[in-house]
Amino acid sequence: MEHPGRIVVVSADIGAGHDRAADELAQRLRARGFAVDRLNLLHLLPRPLHRAVRETYRGVLHRLPWGYHALFRLTGSSPTAVRAIRALLRPLRRRLRRRIPSDTRAVVTTYPFANQLLGPLRRHGRLRVPVITYVTDFVVHPTWLAPGVDVYCAVRHAETRQADAADVTVVQPLVSRAFARPGPEDRQRARQRFGLPADGVLALVVAGSWGAGEVPATVAEVAAAGVRPVVVCGHNAALRRRLHGAGRYVLGWVDDMPALMRAVDVMVENAGGLTCQEALAAGLPVVTYRPIAGHGRANAAILARAGLSRWAGTPQQLGPVLAAVIGTSPVVPSHDDVSQDPAGLVAEAARRAPPAGSAGTRRPLLDPVGDAVAVLAAMLQSTGGLR
């Protein structure tokens, strides 16, 4: 049976949140019969540059958080800064266009810089199919916005500046249906699976796939508040070694987060990204503590204002906040008639669109320049996808 069309989903392996949202969307679209191509935006660069961009961003986040926060605020308040990023990325537009097959009927992004390439292609008629983006944060930062993008999908309570005229559609979070409210028997099995104690209150401490932020201090202060921390260090092996010790439950990368969330009583997080959306979908109370710079602090403020999480601002506040939320039913974002499955929105747009057509095969002379300037632009990455 012939599929109803091809959809290209563009993400980037900066953190894990962008890719996790793209994975979930691709799975839902394939279930609807579409052929789905996944594209890592950073793979447009030669491999050494791809790695350099990712490691530079990781290094800034770990070692120069104040610099990252300054860039986040600059690009959030200066349209000129965003236009400069768009101009720096311009030499990569043709390379990206050639990666979109001729039978494509829609392109979806889960990474902001992809919009700065695809939006202009769409606006100037070099890409005939709709460009739709799913914003992985609760803050719709200006780096997500680009002329030519057809629709921005954001979860309920996500905020954007009034000055930014964007067609934002409220959608359900791109969270796996495996995240669901557990029964008592699920919790016991989950604790056994991860080697956790059968009794007692456990706090899941998460800090993205890179283990970014003030994690050791958070772990110590959660324990001092009388709650046993269960720490997920992601791919940060050095952090895992540092935290390993008697009486501590320290994990690396976890493939089955739904099961781990069923095992604990509260989640303590610092980024407010996709993992926070997963916890809310699972009915797990969320506490924001020591949020990371930039998007972490912006997300924390929105979550607190919406009543979706509690923000503990100091070590003295952490214990009372944990005590207040443990054992309570969190506010779970409702999905009324206004909200819709983003996969359904994309599928509807794809069925209406003509195929993208051929982009040609001529290699542009500016490719080497594009490689170099894209490194600089990616160093200015201003909104994260940390899990």
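Refer to the structure presented above.
Note that this is a predicted model, so its numbers are computed, not measured.

Turning to helix α8 (residues 215-224), its buried residues number three or more, namely Val215, Thr218, Val219, Glu221 and Val222. On the buried face of α8, the contacting elements are β7 (202-206), β8 (228-232), α9 (237-243), β10 (266-269), β11 (286-289) and α13 (315-325). In the stretch just after α8, Gly226 is the one whose phi turns positive, near 90°.

On to the pattern of salt bridges. In this structure the tally under the stated criterion is 18 salt bridges. Its salt-bridge partner being Glu24, residue Arg28 comes within 2.8 Å of it at the nearest N-O pair. With Arg28 and Glu24 both in helix α1 (residues 17-31) and four residues apart, this pair spans about one turn of that helix. Ionic pairing is found between Glu214 and Arg290, a salt bridge with its closest N-O pair at 3.1 Å. Taken together, the positions of Glu214 in the loop between β7 and α8 and Arg290 in the loop between β11 and α12 (295-306) put the pair 76 residues apart, joining distant regions of the chain. The class for Arg290 is partly exposed, based on a relative accessible area of 22%.

The next subject is the sheet that holds β10. Within a sheet, neighbouring strands are paired by backbone hydrogen bonds and run either parallel or antiparallel to one another. With parallel pairing, the six strands of this open sheet are ordered in space as β9-β8-β7-β10-β11-β12. Every other strand in the sheet has two partners, leaving β9 (249-251) and β12 (310-312) as the edge strands with one partner each. For this sheet, the mean angle separating the axes of adjacent strands, direction not counted, is 25°.

Scoring rules and cut-offs
- Residue positions are given per chain, counting from 1 as you read along its sequence in written order.
- Totals for whole chains, interfaces and linings use every residue, but because this is a predicted model, local features are given only for residues with pLDDT of at least 70 and side-chain atom pairs only at 80 or more, for both listing and counting.
- As a rule here, side-chain values come from all non-hydrogen atoms in the structure, and water together with hydrogens is ignored.
- In this scheme, a residue with accessible area under 20% of its type's maximum is buried, one over 50% is exposed, and one in between is partly exposed, where area comes from a 1.4 Å probe on protein chains only.
- Helix and strand definitions here come from DSSP, where helices need a minimum of 4 consecutive H or I residues and strands a minimum of 2 consecutive E residues; each element is numbered from the N-terminal end.
- Residue contacts are defined here by distance: any two heavy atoms, one from each residue, within 4.5 Å place the two residues in contact.
- For this analysis, a salt bridge means a side-chain nitrogen from Lys or Arg found within 4 Å of a carboxyl oxygen belonging to Asp or Glu.
- Any two strands with at least two DSSP-identified bridges between them are counted as paired.
- Every angle, taken between N-to-C directions, lies between 0 and 180 degrees, and every axis is a line fitted to C-alpha atoms, over only the stretch in contact when it is a helix.

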